[in-house]
Amino acid sequence: MYSLSVNGQVHEVDADADTPLLWVLRDFLALTGTKFGCGMGLCGACTVSLDGRPVRACTLRVSDVGEGEVRTIEALATDGELNVVQRAWLDLDVAQCGYCQSGQIMAATMLLEANPKPDDAAIDSAMSGNVCRCGTYQRIREAVKLAAERLPNAGGDHG
Amino acid sequence: MVDSAGPAALTRRVFLQRSGGVALLVGMVLPAVGAKGVTSAKEKLQINSFLRIDSDGGVTVQANHSEFGNGAYTIIPMLVAEELEVPLSAIRLEAAPTRPEYYSSVFGEYLTAGSITTFSLWGPLRTAGAQAKALLIDAAAAEWGVPAADISASEGRVRSADRELDYGQLVAVAQRREIPLRESVSLKAPADFTLLGQDQPRFEGHSKVTGEARFGIDIKLPGMLYASILRCPVYGGKPRDFDASAALEQRGVVKVKAISNGVAVLASNYWAARKGRDVLTVNWDEGENTAYSSERFFAEYRTLADEPGMLAEDIGDSRAALADADDTVESVYELPYLTHVTMEPMNATARVESDRCEIWSGTQYQSNDQERVSALLGLPPQAITIHRPLIGGSFGRRASKSADFTIEAVEAARGEDVPVQVIWSREEDVRSGHYRPLFVHKLRGAVDGDGLPLAWHQTVVGQSIMQHTKHDPAYMVDGMDIYSLDGCLQEPFGVFPYGTSYAIPNHRVETHNPLKVGVVPQEWRSVGHSHTGVAYECFLDELAHSGGRDPLDVRQHLARDHGRMSAVLAMLRDKSAWDRPLPDGWGRGVAARIYSVTPIAQVAEVSVDDAGNYSVERVVCVVDCGFAVNPLNVEAQIQSGIAMGLSAVAGEEIVLENGRIRQSNYHDYPVLRLPQMPRIEVHIVQSEEVPTGVGEQALAPTAPAVLNALFAATGRRIRRLPIKHHDLTLV
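Note that this is a predicted model, so its numbers are computed, not measured.

## Some details on the overall build of chain A
Okay, so step 1: Within chain A, the secondary structure is distributed over five helices and five strands.
Okay, so step 2: Along chain A, from the amino end to the carboxyl end, the secondary structure elements read β-β-α-β-β-β-α-α-α-α.
Okay, so step 3: By the compact-globule yardstick of 15 Å for 159 residues, chain A fits well, its C-alpha radius of gyration being 16 Å.
Okay, so step 4: With the principal axes as the frame, chain A shows a C-alpha extent of 50 × 30 × 25 Å.
Okay, so step 5: Put simply, of all contacts in chain A between residues at least 6 apart along the chain, 61% involve residues at least 24 apart.

## Description of the overall build of chain B
Okay, so step 1: A tally of regular secondary structure across chain B gives 18 helices and 31 strands.
Okay, so step 2: Scaling as 2.2 N^0.38, a compact globule of 731 residues should have a C-alpha radius of gyration of about 27 Å, and chain B matches this with 28 Å.
Okay, so step 3: A buried classification covers 58% of the 731 residues belonging to chain B.
Okay, so step 4: When contacts within chain B are restricted to residue pairs at least 6 apart in sequence, long-range pairs at least 24 apart make up 77% of them.

## Here we look at the interface of chain A and chain B
Okay, so step 1: The interface is formed by 52 residues belonging to chain A together with 57 residues belonging to chain B.
Okay, so step 2: Counting only elements with at least two residues in the side of chain A that touches chain B, the list comes to β2 (9-13), α1 (21-28), α2 (84-91), α3 (101-114), α4 (120-127) and α5 (137-150) of chain A.
Okay, so step 3: A per-element tally of the side of chain A that touches chain B places β2 of chain A first, with five residues.
Okay, so step 4: Tallied by class, the residues present in the side of chain A that touches chain B amount to 28 nonpolar, 15 polar and nine charged.

## Regarding the sheet that holds strand β20 (residues 439-447) of chain B
All names here are of chain B.
Okay, so step 1: Strand order in the open sheet formed by five strands is β14-β24-β21-β20-β15, with mixed pairing between adjacent strands. Each edge of the sheet is formed by a strand with only one pairing partner; in this case those strands are β14 (310-315) and β15 (329-335). Direction aside, the axes of adjacent strands within the sheet are offset by 10° on average.
Okay, so step 2: Where β15 and β20 come together, seven bridges link them in antiparallel fashion. Paired with valine 329 across the strands is glycine 445, a residue of β20.
Okay, so step 3: Sitting on the sheet, helix α14 (residues 529-546) touches β15, β20 and β21 (453-462), and the angle it makes with β15 is about 155°.

## Here we look at the environment of serine 125 of chain A
Residue and element names in this part refer to chain A.
Okay, so step 1: Inspection of the secondary structure puts serine 125 in helix α4.
Okay, so step 2: Residue serine 125 is classed as partly exposed on the basis of its C-beta count, with 15 C-beta atoms lying within 10 Å.
Okay, so step 3: For the pair serine 125 and arginine 61, spaced 64 residues apart in sequence, the C-alpha separation works out to 25 Å.

## Considering the packing of α2 of chain A against α5 of chain A
Residues and elements named next belong to chain A.
Okay, so step 1: The geometry of α2 relative to α5 is characterised by a closest axis approach of 8 Å and an angle of 130° between their N-to-C directions. By the angle between their axes, α2 is oblique relative to α5. Taken as a pair, α2 and α5 cross one another with a handedness that is right-handed. Here α2 contributes Val84, Val85, Ala88, Trp89 and Asp91 to the contact with α5, which in turn contributes Ala143, Leu146, Ala147 and Arg150.
Okay, so step 2: Its residues assigned to classes, the contact of α2 with α5 shows seven nonpolar, no polar and two charged.

## With respect to the nonpolar core
Residues and elements named next belong to chain B.
Okay, so step 1: Counting residues in each nonpolar core, the largest one holds 268 residues, and the members touching the most others are Ile76, Leu136, Ala227, Cys621 and Val706.
Okay, so step 2: Per element, the largest residue contribution to this core is eleven residues, and it comes from helix α3 (residues 117-144).
Okay, so step 3: In terms of nonpolar packing, the next biggest core, distinct from the first, is built from five residues, Tyr110, Ala113, Tyr365 and Ala399 among them.

## Concerning α5 of chain A
Along an α-helix, a turn takes 3.6 residues, which lines up residues three or four apart on a common side.
Okay, so step 1: Taking 1.5 Å of rise per residue, the 14 residues of α5 of chain A would be expected to cover 20 Å, and the 20 Å separating its terminal C-alpha atoms lies within 8% of that figure.
Okay, so step 2: For α5 of chain A, the full list of buried residues reads Tyr137, Gln138, Arg139, Ile140, Arg141, Ala143, Val144, Ala147 and Ala148 of chain A.

## What about the sheet that holds strand β5 (residues 91-95) of chain B?
All names here are of chain B.
Okay, so step 1: Read from one edge to the other, the open sheet built from four strands follows the order β2-β3-β4-β5, with strand pairing classed as mixed. Edge positions in the sheet fall to β2 (44-48) and β5, since each of these pairs with one other strand and no more. For this sheet the average axis-to-axis angle between neighbouring strands, irrespective of direction, equals 25°.
Okay, so step 2: Bridge count between strand β3 (residues 51-54) and strand β4 (residues 59-63): three bridges; the pairing is antiparallel. Bridged to leucine 51 within β4 is valine 61.

## Some remarks on the pairing of strand β19 (residues 420-423) of chain B
Remember that side chains alternate between the two faces of the sheet whenever the strand is regular.
Residues and elements named next belong to chain B.
Okay, so step 1: Side chains Val420 and Val422 of β19 all project onto a buried face; the interleaved residues Gln421 and Ile423 project onto the opposite face, where all are buried too.
Okay, so step 2: Pairing of strand β9 (residues 225-230) with β19 involves three bridges; the strand directions are parallel. For alanine 227, the partnering residue across the bridge sits in β19 and is valine 422.
Okay, so step 3: Bridge count for strand β16 (residues 347-352) against β19 is four bridges, and the pairing is antiparallel. Across the sheet, the residue bridging to threonine 349 is glutamine 421, located in β19.

## What about the pairing of strand β11 (residues 253-259) of chain B?
Residue and element names in this part refer to chain B.
Okay, so step 1: Where β11 lies against strand β12 (residues 262-267), six bridges are found, and the strand directions are antiparallel. Paired with lysine 257 across the two strands is alanine 264, which belongs to β12.
Okay, so step 2: Counted between consecutive antiparallel strands, the loop separating β11 from β12 contains two residues.

## Remarks on the packing of α14 of chain B against helix α18 (residues 702-714) of chain B
All names here are of chain B.
Okay, so step 1: Running from amino to carboxyl end, α14 crosses α18 at an angle of 35°, the nearest separation of the two axes being 8 Å. Read as a crossing pair, α14 and α18 show a hand that is right-handed. Here Gly533, Val534, Glu537, Cys538 and Asp541 of α14 come into contact with α18, specifically with Ala703, Pro704, Leu707, Asn708 and Phe711.
Okay, so step 2: Its residues assigned to classes, the contact of α14 with α18 comprises six nonpolar, two polar and two charged.

## Considerations on unusual backbone geometry
All names here are of chain B.
Okay, so step 1: Cis geometry is adopted by the peptide bond preceding proline 722, which originates at leucine 721 and carries an omega value of 0°.
Okay, so step 2: One non-glycine residue, valine 597, lies in the positive phi region at around 80°.
Okay, so step 3: Looking at the element boundaries, valine 597 is found in the loop between β25 (586-595) and β26 (598-608).
Okay, so step 4: C-beta crowding within 10 Å serves as the criterion here: with 20 such atoms nearby, valine 597 is assigned to the buried category.

## Details of the environment of leucine 699 of chain B
All names here are of chain B.
Okay, so step 1: Mapped onto the fold, leucine 699 is located in the loop between β30 (679-684) and α18.
Okay, so step 2: Along the backbone, leucine 699 and tyrosine 595 are 104 residues apart, and their C-alpha atoms lie at a distance of 10.0 Å.
Okay, so step 3: In this structure leucine 699 touches Arg525, Ser526, Ser530, Gly641, Met644 and Gly645, once residues within four positions along its chain are discounted.

## Things to note about the confidence of the model for chain B
Okay, so step 1: Here chain B averages 94 in pLDDT, and 94% of its residues register 70 or above.
Okay, so step 2: Note that residues 1-40 of chain B has pLDDT below 50 and, in this model, 85 contacts with residues that lie over four places away or in other chains.

## A few points about α3 of chain B
Residues and elements named next belong to chain B.
Okay, so step 1: Relative to the 40 Å expected for 28 residues at 1.5 Å per residue, α3 spans 40 Å between its end C-alpha atoms, a close match to the ideal helical length.
Okay, so step 2: Largest kink in α3: about 30°, centred on glycine 123, with the proline proline 124 one to four residues after it.
Okay, so step 3: Extensive coverage of α3 is indicated by the burial of 20 of its 28 residues.
Okay, so step 4: Remark: glycine 145 follows α3 within two positions and exhibits a positive phi of approximately 65°.

About the thresholds
Residues numbered from 1 in each chain as written. Chains lettered and ligands numbered in written order. Predicted model: local features only at pLDDT ≥ 70, side-chain atom pairs only at ≥ 80, totals over all residues. Helix = DSSP H or I, 4+ residues; strand = E, 2+ residues; numbered from the N terminus. Rg over C-alpha atoms; globule rule 2.2 N^0.38 Å. Contact = placed C-beta atoms within 7 Å. Buried ≥ 20, exposed ≤ 12 C-beta atoms within 10 Å, placed from the backbone. Nonpolar A, V, L, I, M, F, W, Y, C, P; charged D, E, K, R; others polar. Pairing = 2+ DSSP bridges. Axes fitted to C-alpha atoms, helices over the stretch in contact; angles between N-to-C directions. Parallel < 35°, antiparallel > 145°, perpendicular 65-115°, else oblique. Left-handed = near helix turned anticlockwise from the far one by under 90°. Core = buried A, V, L, I, M, F, W, Y, C linked by C-beta atoms within 7 Å. Expected span 1.5 Å × (residues − 1). pLDDT = per-residue confidence, 0-100. Bend = angle between axes of the 7 residues up to and from the residue.

Rendered as structure tokens:
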């Protein structure tokens, strides 16, 4: 039995110790917004937040989550209000098939939490682990910048 | 709050909340507008099998095309709403059932393919909308006793000088009146469009930023088991027998069974199924494929390319012109197998009962899957229900003629009392898929005294996708596969109503279709153009250079009698600033293609450093896709096609070795990542012609434009793909 804190709720999960967090979220908690892409931490589709840092849920064993707070795509909006990254994604119509976008949005959200004014190099670095086979990268880059501009205290400093 | 959750604890409440039950379009169904709560039992006005208006004002459209990023679910409501005069938010989409009345008007099957969704729906959906609007105006005219000509419709309401009603309020009256004939209604002129031609974000977009979008892999059904399949390491091998004892000891595993393509482990969660699978012992029948390797095929195909093939086209007299020429250019282009690696791995869910079968599958070829499952189970087609979740990418993979991933779920679920979901690992996806076939193109050419192409002789060697399938009659002409030749024939041929747009005076194309052995060949975005585009447009570049001519000049000359391509190339020259010098170390390349009627051309600019790192700095694309219904999506599809074309030419390759596929996951089948993405500029030729596709078209010119740009920058011609094998790394 593992006690997991996910999106502000504590869940008791009776899973094998080596079960990746991804499959606990999807099959035990029915939180299917986090996606399976590669199973090796190569594509970023399963990106979730663990104590505010991006982790690949497909390679993180449930026994290694410990007491950390897990946050998934389902918890980004507050009372139906999209977060600034989701809003920018929607406004620029970033998604195509959409399958990788939960991971992209999680990665971008955590990037802006750590660095509210990322330059191109910072965006490249934070987002290069997230594959999009539809190739929505140009709009991803634009959406990260738009979200950054809209952050409170972003001021008039548009790079 | 604390709750205890295991897979079995997935209560019906949670299930409904999470999965949306079987209403698979949930998350994109928008609230209906109009008269609210006026009737308890809704009256329904059925215009045709696609369109219905309810007495609460809701407009329901049956979507008969799949959404896999293509934008079908946005185009469909746009086309209806424009003519019906309702806001987009009034429209509710439902996934049309797999029945003949919903088959594609182009294919005669339930299939989303060929980048022709907009083209095929352009007439029918607008007409249905116009019929409905005319009927509602007619009903209002009768109700009010005023001439129809004095009534207008907009925003879901009809209005006369002094009265107005919501559409929903007219449903009861309209039900008793004749639906106007298709021929009797007139469609709006483009100048009057308020929705079409305007940027429209995707209809299901909200669900794709919140995690609510339901893909096939997200289906959760009460009692459902998850299956993982162990497959033979040799492609196509079958299980003889197996030892499941260790697998059955794994907690959560409930059953192990052989299916056609391997041994399936059924468990209460996917990870348990995977762990069970990993401890299976299987005795395999490896089959014939151990004899086959990519290198063997390349060698055999190179030999074949030197021999006379089946003659597909013979304009003028290429052989004589080449024999008479002082100089000829000769090249061989070699293209590896490619795979699709959709972000959502293959999966499907099935529930099989004695007299019916329900399937949740991300197929884009529903009628085929229904037919295949019907044959497998010995049930009539209408006993097979195919639900349509959203699809996490396709690029051709999910138009599987074998219906492989759907069939597997049915085989796994057959004999079980509960639904079974089969999920492929990424390794299975890479190693057990269907592939863009391996091709060799041999080309010889010569230029005239002005340095312009005079003679062209191309021999195309590769396995057919369509041979020995039900599509064989349409695509195999005189024994040769014309699907493989799309993009290298100068004149229209067979089912392809277009040529290259070029006029080379002497133009000969031959082909060999070697035996279909080894891996299963499959459409891969842009299909024939994914290889003919490289061979044709790169060799044309070689000829231009051999004649001392500017490569864009040569294309403009050859396409001079093709009005649409000429306009595209002229705009490309301007928008790309083709004639402006580039910095040192940069190169510029051009390619132009017609795929599925749409002319499209691109200029790529690359920079290369001394260490062999190259960047594609910019790609300028000009397209004439007729009337651009949703320019925002045209741009998205073009960015997408360019990204995938660049990804493939830079680094993608599937290698078959003694029947085994060497690659396995994104580390050894690398796809484009964000830092490698070029800046893309899209220019759409203004047009009021019938809309044609862009989804596959955009990919076709990219690889040759990049290869030609690398030549311009480095002087090196790369003729065997991918580029990464030539000490050049995309950064």
